[in-house]
Amino acid sequence: MLRERTAVCVLGTQLWTDVYSAAPAGAQTFSLKHSEDVRVEVVRDGEAEEVATNGKQRWALSPSTTLRLTMSKASTEASADKVTVNYYDEEGIAPIDQAGLFLTAIEISLDVDADRDGEVEKNNPKKASWTWGPEGQGAILLVNCDRDTPWLPKEDFSDSKVYSKEDLKDMSPMVLRTKGPDRLPAGYEMVLYIAMGDSDKVGVFYVENPFFGQRYIHILGRQKLYHVVKYTGGSAELLFFVEGLRFPDESFSGLVSIHVSLLEYMAEGIPLTPIFTDTVTFRIAPWIMTPNILPPVSVFVCCMKDNYLFLKEVKNLVEKTNCELKVCFQYMNRGDRWIQGPDFGYVTREPLFESVTSLDSFGNLEVSPPVTVNGKAYPLGRILIGSSFPLSGGRRMTKVVRDFLRAQQVQAPVELYSDWLTVGHVDEFLTFIPVPGTKEFRLLMASTSACYKLFREKQKEGHGEAIMFKGLGGMSSKRITINKILSNEKLVQENLYFQRCLDWNRDILKKELGLTEQDIIDLPALFKMDEDRQARAFFPNMVNMIVLDKDLGIPKPFGPQVEEECCLETHVRALLEPLGVTCTFIDDISAYHKFLGEVHCGTNVHRKPFAFKWWHMVP
């Protein structure tokens, strides 16, 4: 201890002072006096004894004797509190020396919404940690990857600016609360900082002039690792806004921390020393898919030169629902009929060594409704992706995307076998529909055996010469009938193989989603083998539909005409409409089917989010 020095004590922390090494020669004992707001304990050999304020008691000096100081409230003036040490020689009549420590107490708390109730509470004891579950604790952060400012070309997180209040709504508040005298003693400063490893994952903005024309100053993130915070004195609350820059990934758990430290100056040329640090931790919200059972908000579709009739039919379908149709015109879609919609937040992953295939497209990403499997709940469903047959060495979704999906933790992915298809997307053989008025759903699966069964029934009823693709010009000129399809042995053998592929997936889905046969409905489908011995739809693939609550927009199959009605449409209506849904068949044959896609491939649905809070689950 110096003969006279100053120190800052942060409320809730302890100061330790060595009285032995600072004692003058010949000193044998010491006594203490201190201000009322200072609590002093003499600690000897691990045992603590509280010191009264009168200074009458004395203690023997020894190497194992130290002082432990704490303060009860923030100071109103700098260095207003004091601890005095008197040293005595062997006679002990009068002090032979004296030392004084002038103290300033300051309150510092870096705060976030750690209990997830929408309020930034003060000094939550669990604010530096993060736990899952309904009783879990820890703040949440969104990746700010949408585009709230239409005239900007990139996502909101791509720059260090805040252009609108809408942008702020995608960020989480953080408050630095301080209390103390108007000024700190010389040689102290507060610094807000992040680790180098978090600099590409989180950004922080400070609200400057909160009462006179607010400005939002970017202070942390990217190249900025620390920011010196101005101490304003009295009771103060500094408001910050925090945005996520990256979703969780294989090499990133999703947790980021922000720290505030009080630093002390010791001597010129010596780095500042931290004497107090407070930390908050956020978990960046995962990338979550929404299943078909959730209510639709809006439907996106592209306007192309050749899809006017398709657009018209989709518009008629959407008008039956409570959602909005948003058309992405050609100046926006730039000729891409499969684009998924403007002003959507998105994330990209680029493989370094793998080649990208059609299995990396969005049609190869689906998500189930919530399921429970062997007692394990998946309240947000499970992501379904298409892959190659085991040991086949075929196409597979790139590892960076698969790793990304697994890292989200809340919708544990299931790999299916889709490489048997030309395009290779899971939406070519499955979809989910709600059962209106219940919490139930049905898995719809394409089935070649169901198609052959239906056609054989119609043949037995005397409709073997019923014509497919009637009214479609070149396609109908081939006069494809039920009899021709059933007698085409090559086509029969190919579809037996395709059914084996479908059955393989059926078994995986039943196991991984906890489904029974009663949960699955087979929709008739036929495929033909291409030059690479992969499958493409023989007629528009009805399972590749758009689901808007109880209204289903199904690719019009142009099946065999029985009594002037498509027997495929009649069959599908009989399967699905008793559940309470309405089937609308949409002609997509020239706009999408001939390009190896269907209704689902050419549309996208923005749905209401889950009511279930993702942080309540335990991965």
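Residues numbered from 1 in each chain as written. Predicted model: local features only at pLDDT ≥ 70, side-chain atom pairs only at ≥ 80, totals over all residues. Heavy atoms only, no water.

### Considering the overall build of the protein
Part 1 of the reasoning: Of the regular secondary structure elements, the protein holds eight helices and 36 strands.
Part 2 of the reasoning: The C-alpha atoms of the protein give a radius of gyration of 35 Å, which is well past the 25 Å a tight globule of 619 residues would have.
Part 3 of the reasoning: Along the first, second and third principal axes, the C-alpha set of the protein runs to 125 × 50 × 45 Å.
Part 4 of the reasoning: Going through the 619 residues of the protein one by one, you find that 53% of them count as buried.
Part 5 of the reasoning: Long-range pairs, those at least 24 residues apart, make up 72% of the contacts in the protein between residues at least 6 apart in sequence.
Part 6 of the reasoning: Carbon together with sulfur atoms contributes 51% to the accessible area of the protein, which is approximately 29500 Å² in total. (Helix = DSSP H or I, 4+ residues; strand = E, 2+ residues; numbered from the N terminus. Rg over C-alpha atoms; globule rule 2.2 N^0.38 Å. Buried < 20%, exposed > 50% of the residue type's maximum accessible area, 1.4 Å probe, protein only. Contact = heavy atoms within 4.5 Å. Areas by Shrake-Rupley, 256 points an atom, 1.4 Å probe, with all protein chains shown as cover.)

### A closer look at the environment of I194
Part 1 of the reasoning: The residue I194 is located in the loop between β12 (188–193) and β13 (202–208) in this model.
Part 2 of the reasoning: Put simply, I194 and S31 are 163 residues apart on the chain and 44 Å apart in space, counted from C-alpha to C-alpha.
Part 3 of the reasoning: Not counting chain neighbours up to four residues away, the residues in contact with I194 comprise S199, V202, L220, G221, K224, L225, S257 and I258.

### Some remarks on helix α5 (residues 448–460)
Part 1 of the reasoning: Across its 13 residues, α5 extends 18 Å between first and last C-alpha, which sits within 8% of the 18 Å expected from 1.5 Å per residue.
Part 2 of the reasoning: What α5 keeps buried is the set T448, A450, C451, Y452, L454, F455 and K458.
Part 3 of the reasoning: In the stretch just after α5, G462 is the one whose phi turns positive, near 95°. (Expected span 1.5 Å × (residues − 1).)

### Here's the deal with the pattern of salt bridges
Part 1 of the reasoning: Evaluation of the coordinates by the stated rule reveals 29 salt bridges.
Part 2 of the reasoning: The salt bridge partner of K490 is E494, with a shortest N-O separation of 2.4 Å. Pair noted here: K490 and E494 are both in helix α7 (residues 489–513), with a separation of four residues, about one helical turn.
Part 3 of the reasoning: The partner of K550 in a salt bridge is D551, and the shortest N-O contact between them spans 4.0 Å.
Part 4 of the reasoning: Since its relative accessible area comes to 5%, D551 is described here as buried.
Part 5 of the reasoning: A cluster of three or more residues bridged by salt bridges with shared partners is formed by D111, K127, R177, E237 and D278. (Salt bridge = Lys/Arg side-chain N within 4 Å of Asp/Glu carboxyl O.)

### Things to note about the sheet that holds strand β31 (residues 546–548)
Part 1 of the reasoning: Taken in spatial order, the three strands make up an open sheet running β31-β32-β35, and their pairing is mixed. Sheet topology places β31 and β35 (582–586) at the edges, where each strand pairs with a single neighbour. Strand-to-strand twist across the sheet, computed as the mean angle between neighbouring axes with direction ignored, equals 20°.
Part 2 of the reasoning: Strands β31, β32 (551–555) and β35 of the sheet are contacted by helix α2 (residues 308–319), whose axis makes an angle of about 165° with β35. (Pairing = 2+ DSSP bridges. Axes fitted to C-alpha atoms, helices over the stretch in contact; angles between N-to-C directions.)

### Brief notes about the side chain of Q534
Part 1 of the reasoning: Mapped onto the elements of the fold, Q534 is located in the loop between β29 (527–529) and β30 (535–537).
Part 2 of the reasoning: For Q534, the side chain forms a polar contact with the main-chain oxygen of D419, separated by 3.1 Å. (Polar contact = N/O pair within 3.5 Å; in protein donor to acceptor, adjacent residues only side chain to side chain.)

### With respect to unusual backbone geometry
Part 1 of the reasoning: Positive phi, normally seen in glycine, also occurs at N374, with a value near 50°.
Part 2 of the reasoning: For N374, the position within the fold is in the loop between β22 (371–373) and β23 (376–378).
Part 3 of the reasoning: The class of N374 is exposed, set by a relative accessible area of 80%.
Part 4 of the reasoning: Even without glycine at this site, L596 takes up a positive phi of about 70°.
Part 5 of the reasoning: With respect to the helices, strands and loops of the structure, L596 is situated in the loop between β35 and β36 (603–607).
Part 6 of the reasoning: For L596, a relative accessible area of 34% corresponds to the partly exposed category.

### Section: the packing of α5 against helix α8 (residues 567–576)
When two helices pack together, their arrangement is given by the angle between the helix axes and the distance between those axes.
Part 1 of the reasoning: The contact between α5 and α8 brings their axes to 11 Å, and the two run at 115°. Note that α5 runs across α8; the crossing there is right-handed. Contacts between α5 and α8 involve L454, F455 and K458 from the first element and C567, L568 and H571 from the second.
Part 2 of the reasoning: Counted by class, the contact of α5 with α8 contains four nonpolar, one polar and one charged residues. (Left-handed = near helix turned anticlockwise from the far one by under 90°. Nonpolar A, V, L, I, M, F, W, Y, C, P; charged D, E, K, R; others polar.)

### With respect to the sheet that holds strand β18 (residues 273–284)
Part 1 of the reasoning: Spatial strand order, β10-β18-β17-β12-β15: five strands in an open sheet with mixed pairing. The open sheet has two edge strands with one neighbour each: β10 (139–141) and β15 (226–229). Taking the axes of each pair of neighbouring strands and ignoring which way they run, one obtains an average angle of 30° across the sheet.
Part 2 of the reasoning: Note that β12 and β15 share four bridges and pair antiparallel. Counterpart to M190 in the pairing with β15 is V229.

### Description of the packing of aromatic side chains
Part 1 of the reasoning: All chains considered together, the criterion is met by 17 aromatic pairs.
Part 2 of the reasoning: Between W130 and W132, the aromatic rings sit 5.1 Å apart at their centres with planes inclined by 80°, giving edge-to-face as the arrangement.
Part 3 of the reasoning: When its relative accessible area of 10% is taken as the criterion, W130 is described as buried.
Part 4 of the reasoning: Taking the centre distance of 5.8 Å and the plane angle of 70° together, the rings of W132 and W614 count as edge-to-face. Residue W132 is found in the loop between β9 (97–111) and β10, and its partner W614 is found in the segment after β36; the two are separated by 482 residues along the sequence.
Part 5 of the reasoning: Relative accessible area serves as the criterion here: at 9%, W614 is assigned to the buried category.
Part 6 of the reasoning: In this structure an aromatic cluster arises from ring pairing among W420, F429, Y497, F498 and F527.
Part 7 of the reasoning: Above the face of the W130 ring, R116 is positioned so that its terminal group lies 4.3 Å from the ring centre.
Part 8 of the reasoning: Across from the ring centre of Y378, 4.5 Å away, lies the NZ or CZ of R382, which sits over that ring. (Phe/Tyr/Trp six-rings, centres within 6.5 Å; stacked < 30°, edge-to-face > 60°. Lys NZ or Arg CZ within 6 Å of the ring centre and 35° of its normal.)

### Points about the side chain of S388
Part 1 of the reasoning: As for its placement among the helices and strands, S388 is situated in the loop between β24 (383–387) and α4 (399–407).
Part 2 of the reasoning: Setting aside chain neighbours within four positions, we find S388 in contact with G394, R395, R396, Y417 and D419.

### So, the UniProt feature "domain: Protein-arginine deiminase (PAD) N-terminal" (unreviewed entry) in the protein
Part 1 of the reasoning: UniProt records the feature "domain: Protein-arginine deiminase (PAD) N-terminal" (unreviewed entry) for residues 6–104 in the present numbering.
Part 2 of the reasoning: Secondary structure across residues 6–104 divides into 0% helix and 53% strand, with the first and last C-alpha atoms of the span separated by 8 Å. (UniProt positions renumbered as here; feature names shortened; annotations may be inferred.)

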